[in-house]
Amino acid sequence: QVQLVESGGGLVQAGGSLRLSCAASGRTFSSYDMGWFRQTPGKEREFVAGISWSGGSKTYAGSVKGRFTISRDNALNTVYLQMYSLKPEDTAVYYCAARERGESGYDYWGQGTQVTVSS
């Protein structure tokens, strides 16, 4: 199993930037593909970005492509989400998630970190 703890959320003005971090502990971090999701009240959790175990493959939701960058440091057991040009509609609780290599679903989740973008 892997345990995930997010940090870096906060309040930022529209057009600003934030970097989220997700620290993993437990099993070998490089055994997992990693993802970031977000959720607002009354809506389903949505995929934001994903990165393969090696960092060689990255995917993004269309709404964040070109503004957000996912990366990972396997030596530090950490995955990051760098967010630029933030918009009020990016306001959400952001969750880090992990899935074992070869699996389709994310099985492990962090507790979430709030990102609020003011207009």
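An account of the accompanying structure is given in this report. Here the structure is a predicted model, which is why all the values come from computation and not from measurement.

About the cut-offs
Within each chain, residue numbers correspond to sequence positions counted from 1 in written order. Thresholds applied to this predicted model are a pLDDT of at least 70 for local features of residues and 80 or more for the giving and counting of side-chain atom pairs; totals over whole chains, interfaces and linings are not thresholded and use all residues. The side-chain values count all of the structure's non-hydrogen atoms but skip hydrogen atoms and water molecules. We call a pair of cysteine sulfur atoms a disulfide when they lie within 2.5 Å. In DSSP terms, a helix is any run of H or I states spanning at least four residues, a strand is any run of E spanning at least two, and both are numbered starting from the N terminus. A 1.4 Å probe rolled over the protein chains alone gives each residue an accessible area, and that area as a share of the maximum for its type sets the label: buried under 20%, exposed over 50%, partly exposed in between. A 3.5 Å cut-off defines polar contacts: any pair of N or O atoms within that distance qualifies, except that in protein one atom must be a possible hydrogen donor and the other a possible acceptor, and neighbouring residues in sequence count only when both atoms are side-chain atoms. Any pair of residues with heavy atoms lying within 4.5 Å of one another is described as a contacting pair. Being paired, for any two strands, means DSSP has found at least two bridges between them. Here an angle of 0 to 180 degrees is reported between the N-to-C directions of two axes, which are lines fitted to C-alpha atoms, with helices fitted over the stretch in contact. Classification of ring pairs rests on two measures: the distance between centres of Phe, Tyr or Trp rings, Trp counted by its six-membered ring, which must be within 6.5 Å, and the angle between planes, read as stacked under 30 degrees, edge-to-face over 60 and tilted in between.

**Some details on the state of the cysteines**
Phase 1: As enumerated under the stated definition, the model contains one disulfide in all.
Phase 2: Two residues, Cys 22 and Cys 96, share a disulfide whose sulfurs are 2.1 Å apart. Residues Cys 22 and Cys 96 share a disulfide whose torsion about the S-S bond is about -75 degrees; that sign makes it left-handed. With Cys 22 in strand β3 (residues 18–26) and Cys 96 in strand β9 (residues 92–100), this pair connects stretches of sequence that are 74 residues apart. Grouping residues by exposure puts Cys 22 and Cys 96 together as buried.

**Some thoughts on the side chain of Arg 38**
Phase 1: Here Arg 38 lies in strand β4 (residues 32–39).
Phase 2: Looking at Arg 38, its side chain comes within polar contact range of the side chain of Glu 46, at 2.6 Å.
Phase 3: One polar contact links Arg 38 to Ser 63, side chain to side chain, over a distance of 3.4 Å.
Phase 4: Aside from chain neighbours lying at most four places away, what touches Arg 38 is Glu 44, Arg 45, Glu 46, Val 48, Ser 63, Val 64, Phe 68, Glu 89, Asp 90, Ala 92, Val 93 and Tyr 94.

**So, unusual backbone geometry**
Phase 1: One non-glycine residue with positive phi stands out, namely Asn 77, at about 55 degrees.
Phase 2: Within the secondary structure, Asn 77 sits in the loop between β7 (68–73) and β8 (78–83).

**With respect to the sheet that holds β3**
Phase 1: Taken in spatial order, the four strands of this open sheet run β1-β3-β8-β7, and their pairing is antiparallel. Edge positions in the sheet fall to β1 (2–7) and β7, since each of these pairs with one other strand and no more. The mean inter-strand angle of the sheet, taken between neighbouring strand axes irrespective of direction, is 15 degrees.
Phase 2: Inspection of the sheet shows β1 paired to β3 by six bridges, in the antiparallel sense. Within β3, the position partnered with Ser 7 by the bridge is Ser 21.

**Looking at the packing of aromatic side chains**
Phase 1: Scanning all chains against the criterion turns up five aromatic pairs.
Phase 2: Measuring from centroid to centroid gives 5.9 Å for Tyr 32 and Tyr 108, while their planes differ by 90 degrees, and the two rings are edge-to-face. You can see Tyr 32 sitting in strand β4 and its partner Tyr 108 sitting in strand β10 (residues 108–109), a full 76 residues away along the chain. Each member of the pair Tyr 32 and Tyr 108 is classed as buried.
Phase 3: Consider the rings of Phe 37 and Phe 47, whose centres lie 5.6 Å apart with planes at 75 degrees: the pair is edge-to-face.

**Digging into the pairing of β8**
Phase 1: In terms of residue burial, β8 counts as a mostly covered element, since six of its six residues are buried.
Phase 2: Residues Thr 78, Tyr 80 and Gln 82 of β8 are buried on one face, and the alternating residues Val 79, Leu 81 and Met 83, pointing to the opposite face, are buried as well.
Phase 3: When β3 meets β8, the two strands line up antiparallel, connected through six bridges. Bridge pairing in β8 links Arg 19 to Gln 82.
Phase 4: Summarising the sheet, β7 and β8 pair through six bridges and their orientation is antiparallel. Its bridge partner lying in β8, Phe 68 is registered against Met 83.
Phase 5: Once β7 ends, the chain turns through four residues before running back antiparallel as β8, passing Asn 77 with a positive phi of about 55 degrees.

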